[in-house]
Each structure stands twice: as structure tokens, then as C-alpha cells.
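Results of the structural survey
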Amino acid sequence: MYIEMGDMVDKGFIFFKEGKIPFVIENYRMELFSDDSLLDDFCKEYNFKENYILHGQCFDIGIRGRKATFFVENSMGSTCYLRCYIINMFDKDEEYDTIGLQSPSLDEVFRYEYEYIDMVRAGTNFAVEPKVVYKIPFEMNDLQYELEFRIGHNNRLGLLEDLERRGELILPLHTNEIQECYDITNVLHRLAMFMTSHTEVPFKQITLYKQGIKVGWFHCPLTSEDIVRGHGGFFHQFDVMKYIPKILNNIALDSGNKITQSVPLGHLGDYDAMFTPQRFVEQVVAFEYLFDKLDHKNAQNHKYPLKKELECMFNEFPQLLSQTKLSAEKVSDQIKEIRRTIAHGYAYYYDFKNDANTKYLMLLLDKLIKCMSLRWMGFSNDDISNYLLF
């Protein structure tokens, strides 16, 4: 028995004081309702409160309630906006010790298809037990973790096994807290974003385990059943152990919403918003953030304008312009001018949508930001050049 992450908890109740308050959930918005004073007391205590935990039961399958934990981002009146929630397999407290995440995008990054074929040819039987392909240590929130990428199935679990799973990312947990699960999910989602240079990289399913047995499911907006694969070919010759440890350790420096040490990702877009003024501004912000990390002295110098910063970085990575006749100075001036036209209201969406040169410059900026990100992570020029081939 297992629940697909696309299934939505739609009813249940939370425990409050000595009573229970019914709820319905839609798109991670929990609406509480009651005709007694208990709801009024809840609203008085939690109105406009942020980042708190609620406990209760859900009745998403049948009439038997199951234990549930809710991480509330903020609440207004009787509406609670959820960051995530956990549903136990049964109506009892399960002290899960491991989280498992199924990510089609990271399957491609970790070369699932290629590793699978190579191991089958070598005689590996994936129907007996999962095989660990990679082990990658990293630090998050001053705690040491080890990420495992596994392929295969556990034949001892029978119908409890998820037969549709491809690869799975496994991480032992330090606590039995929903906050830790949330932080891990954020970091691995950002890893997928960085590796694919795209924001549409949802997880398929997130499972909680205790001693290898499923005990619950982790639901958050970063999961979806509508997943399109398409990056696998890019990672055919990707050296996972050369690049992923440094990248993951950098991204894990910031597990919350405030980014102060890790590389920026806010400039990445989806297929519908690749070329807009808003995204261009995000690119410039990401560039400025990284330039401050790499050259703090000049970044703080008011006499060192954006054009000079851009020119400096394009000269640091000459491979970006090696296939064009444009100089670093010319490209930097064009980018600076686009930023000026946006800031003064001279350019709008339609100008970006139909201008081929603007699109080219935005793609070039993406590559420059990627190079600067890799430099900030500690990669050499040769490593960065080889990475750009993927």
C-alpha cells in the first residue's frame, strides 16, 4: 500500500487544546472550519503567525484516520498556507530515520540509464535489493549527511515496494522533525535546478522510512506527477564524483529562503518565461551577487560600474565569446544598455519576445553566471571549460 504524491489530502482535523478542528486542503492551502468557539481560539492564537507545526489526522483513503504533521508557512484567520506535510502510514507516531526522494531530473544527472545498462551487462540483479551507485557526503545546517543514489528494488517488501521507481536518493536523518525533511528537499531541488538550468524539476515522490520500511510520505509543492524528462543525453559522459560533491556542498550552505553563501538560482526560468524583462533583471542581480563573492573589493567600488564588472568576467571566461566576433567590451555594453532601458521603462515584454539579439545576450548571461557559480564553488578553469561541454 502506498500513496502517489499527486494524491491530495482533502479532509481531516487538527488537534488544538483539548479538541479537534476539521480541515480541507487544496493546493497546500488548509481551510479550517467549525461552528464552536475552538476555531475562534485558534485564530486568536495563530493569526499572522509564521513557521509553526500542527498535528492532526487525515482521512485521505477510507474512514480510518492516519497521523499527520503540518508545517505552516503562515496563517490568516482560519486559512493556513502549508510549506509541507507528512502523512504516516498508520495512526501512530513513527520515528522515521531516512528520507527517500524520487527525482526524474536527478536520475538523469546521476546517469540512471547508463549506470543501469552497465550494471546489467555486468550481471547485477536489480530485483533482489537496491544497489548503491554513488555516495556523496555533504554538510547542511552544521550536520553531516551522506547522500546515496540507489537503483533497484527490495524483494523483501513485496507489495509495499514501489515498482514504478527508477533511481532514488536516500539520506539518513538526524532528527524526527519535519523541518529537516523540508530543508533536505529544498537543497536537492536546488541541485536539480542548478544541474539542468531550469526551474521545472519536480520530485515524483518523497518517502519516509524506518529501518528500510516505509512509514510515511512527505508532501510539498515541489512534487508532481506531470514530469517531462529530456536532459539525460546531456550527462552521457558526466563525471558525477568530480562535480556533484562540490556543487551539493555549496548549495547546502543555504537551506532556507535567504541566500547568503550558496550560488544564486533565482535567475533561472521555465519554458514560458525564458525571455522577459523580469528574468533579465534577475540575471543581473545574480551576476552582481556572484561578482561580489569573486571580487568583493571592486564590487564595493562605486566607480566600478556594471559594464566594467561584466567586461572583467567575460575576460575571465574567454571561451564564452570564442565562437563570436564580439568583444567582451561590446557584449558588456549591450547588456548594460538593456538593463538601462528596462530600469527607465523603455523596454517591455514584447521587445524581449521578438528581439533575437536580446535572447542571445540572455543565453550568454546564463552561461556567464554558470561559470562564475562554478568558480565560486572552487572549480578550476579547466573544470569549468569541461563542464560547459555537458
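Reading the values: rules and limits
- Residues numbered from 1 in each chain as written.
- Predicted model: local features only at pLDDT ≥ 70, side-chain atom pairs only at ≥ 80, totals over all residues.
- Heavy atoms only, no water.
- Helix = DSSP H or I, 4+ residues; strand = E, 2+ residues; numbered from the N terminus.
- Buried < 20%, exposed > 50% of the residue type's maximum accessible area, 1.4 Å probe, protein only.
- Contact = heavy atoms within 4.5 Å.
- Areas by Shrake-Rupley, 256 points an atom, 1.4 Å probe, with all protein chains shown as cover.
- Lys, Arg positive; Asp, Glu negative; His and termini not counted.
- Charge placed at Lys NZ, Arg CZ, Asp CG, Glu CD.
- Phe/Tyr/Trp six-rings, centres within 6.5 Å; stacked < 30°, edge-to-face > 60°.
- Pairing = 2+ DSSP bridges.
- Core = buried A, V, L, I, M, F, W, Y, C linked by side-chain atoms within 4.5 Å.
- Polar contact = N/O pair within 3.5 Å; in protein donor to acceptor, adjacent residues only side chain to side chain.
- Axes fitted to C-alpha atoms, helices over the stretch in contact; angles between N-to-C directions.
- Parallel < 35°, antiparallel > 145°, perpendicular 65-115°, else oblique.
- Left-handed = near helix turned anticlockwise from the far one by under 90°.
- Nonpolar A, V, L, I, M, F, W, Y, C, P; charged D, E, K, R; others polar.
- pLDDT = per-residue confidence, 0-100.
- Disulfide = S-S within 2.5 Å.
- Arc of directions from axis to C-beta.

A few words now on the overall build of the protein chain. Along its length, the protein chain carries 12 helices and 12 strands. Based on the C-alpha atoms only, the size of the protein chain along its principal axes is roughly 70 × 60 × 40 Å. Burial status across the protein chain gives 50% buried among its 390 residues. For the protein chain, restricting intrachain contacts to residue pairs at least 6 apart in sequence, the fraction spanning at least 24 positions comes to 64%. Roughly 19200 Å² of accessible area belongs to the protein chain as shown, and the carbon and sulfur atoms make up 49% of that amount. Within the protein chain, one finds 43 positive and 58 negative side-chain charges whose respective centroids are separated by 4 Å.

What follows deals with the packing of aromatic side chains. According to the stated counting rule, one finds 22 aromatic pairs in the structure shown. An angle of 80° between the planes, with centres 5.4 Å apart, marks the rings of Phe 16 and Phe 42 as edge-to-face. Of this pair, Phe 16 sits in strand S1 (residues 12–16) while Phe 42 is found in helix H1 (residues 37–46), placing the two residues 26 residues apart along the sequence. Residue class for Phe 16 comes out buried when judged on its relative accessible area of 5%. The interplanar angle of 20° and the centroid separation of 5.6 Å between the aromatic rings of Phe 238 and Tyr 243 together place this pair among those described as stacked.

Direction of pairing for strand S8 (residues 131–140) relative to strand S9 (residues 143–151): antiparallel, over a ladder of 9 bridges. Counterpart to Phe 138 in the pairing with S9 is Tyr 145. Where S8 folds back onto S9 in an antiparallel hairpin, the turn is made up of 2 residues, including Asn 141, whose phi is positive at roughly 55°.

Now for the nonpolar core. Formed by 86 residues in total, the largest nonpolar core has its most connected members in Leu 188 and Ile 247. Per element, the largest residue contribution to this core is 11 residues, and it comes from helix H4 (residues 178–196). In contact with Leu 188, other than residues within four places in its own chain, are Leu 101, Leu 106, Leu 147, Leu 169, Leu 171, Phe 203 and Leu 248. Counting residues in each nonpolar core, the second largest holds 23 residues, with Met 30, Cys 43, Leu 54 and Cys 80 among its members.

As a further point, take the environment of Tyr 289. Tracing the backbone through its elements, the reader meets Tyr 289 in helix H6 (residues 277–294). Here the alpha-carbon distance between Tyr 289 and Arg 111, two residues 178 residues apart in the chain, equals 31 Å. Residues contacting Tyr 289, with those up to four places away along its chain left out, are Ile 259, Thr 260, Gln 261, Ser 262 and Pro 264. In this structure the side chain of Tyr 289 is engaged in a polar contact, spanning 3.4 Å, whose partner is the backbone nitrogen of Gln 261.

Moving on: the packing of helix H8 (residues 306–316) against helix H9 (residues 328–343). Packing of H8 against H9 brings their axes to within 8 Å, and their N-to-C directions diverge by 140°. Of the possible angle classes, the one that applies to H8 and H9 is oblique. Like other packed secondary-structure pairs, H8 and H9 cross with a definite hand, here right-handed. On H9, the residues that touch Leu 306, Lys 307, Leu 310, Glu 311, Phe 314 and Asn 315 of H8 are Ala 328, Glu 329, Val 331, Ser 332, Asp 333, Ile 335, Lys 336 and Arg 339. In the contact of H8 with H9, the residues fall into 6 nonpolar, 2 polar and 6 charged.

All right, on to the confidence of the model for the protein chain then. With 90% of its residues at a pLDDT of 70 or more, the protein chain has an overall mean of 89. Scored below 50 in pLDDT, residues 1–7 makes 31 contacts in the model with residues more than four places away or belonging to other chains.

As for its placement among the helices and strands, His 267 is situated in the loop between helix H5 (240–251) and H6. By relative accessible area, which is 5% here, His 267 ends up buried. Not counting chain neighbours up to four residues away, the residues in contact with His 267 comprise Arg 279, Glu 282, Gln 283, Ala 286, Asp 366 and Ile 369.

A few words now on the state of the cysteines. Under the counting rule described, the total for this entry stands at 0 disulfides. Unpaired in this structure, Cys 312 has its nearest cysteine sulfur neighbour in Cys 371, at a distance of 13 Å. Given a relative accessible area of 21%, Cys 312 falls into the partly exposed group.

What follows deals with the pairing of strand S12 (residues 213–219). On a regular strand, one side chain projects to one face of the sheet and the next to the other, so that they alternate. Of all 7 residues in S12, 6 are buried, a share of seventy percent or more. Both strand S6 (residues 79–88) and S12 contribute to a ladder of 4 bridges, which runs antiparallel. Counterpart to Ile 86 in the pairing with S12 is Phe 218. Pairing of strand S11 (residues 205–210) with S12 involves 4 bridges; the strand directions are antiparallel. Within S12, the residue paired with Leu 208 across the bridge is Gly 216. Counted along the chain from S11 to the antiparallel partner S12, the turn is 2 residues long, and its residue Gln 211 has a positive phi close to 55°.

Moving on: the side chain of Ser 103. Tracing the sequence through the fold places Ser 103 in the loop between strand S7 (98–102) and helix H2 (104–109). With relative accessibility at 2%, the residue Ser 103 sits in the buried group. Not counting residues within four places of it along the chain, the set of residues in contact with Ser 103 comprises Leu 169 and Phe 203.

Moving on, we come to H8. For H8, the complete set of buried residues consists of Leu 306, Glu 309, Leu 310, Met 313 and Phe 314. Projected down its long axis, H8 carries its buried residues within an arc of 130°, all on one side. For H8, the elements touching its buried residues are H6, helix H7 (296–299), H9 and helix H11 (356–377).

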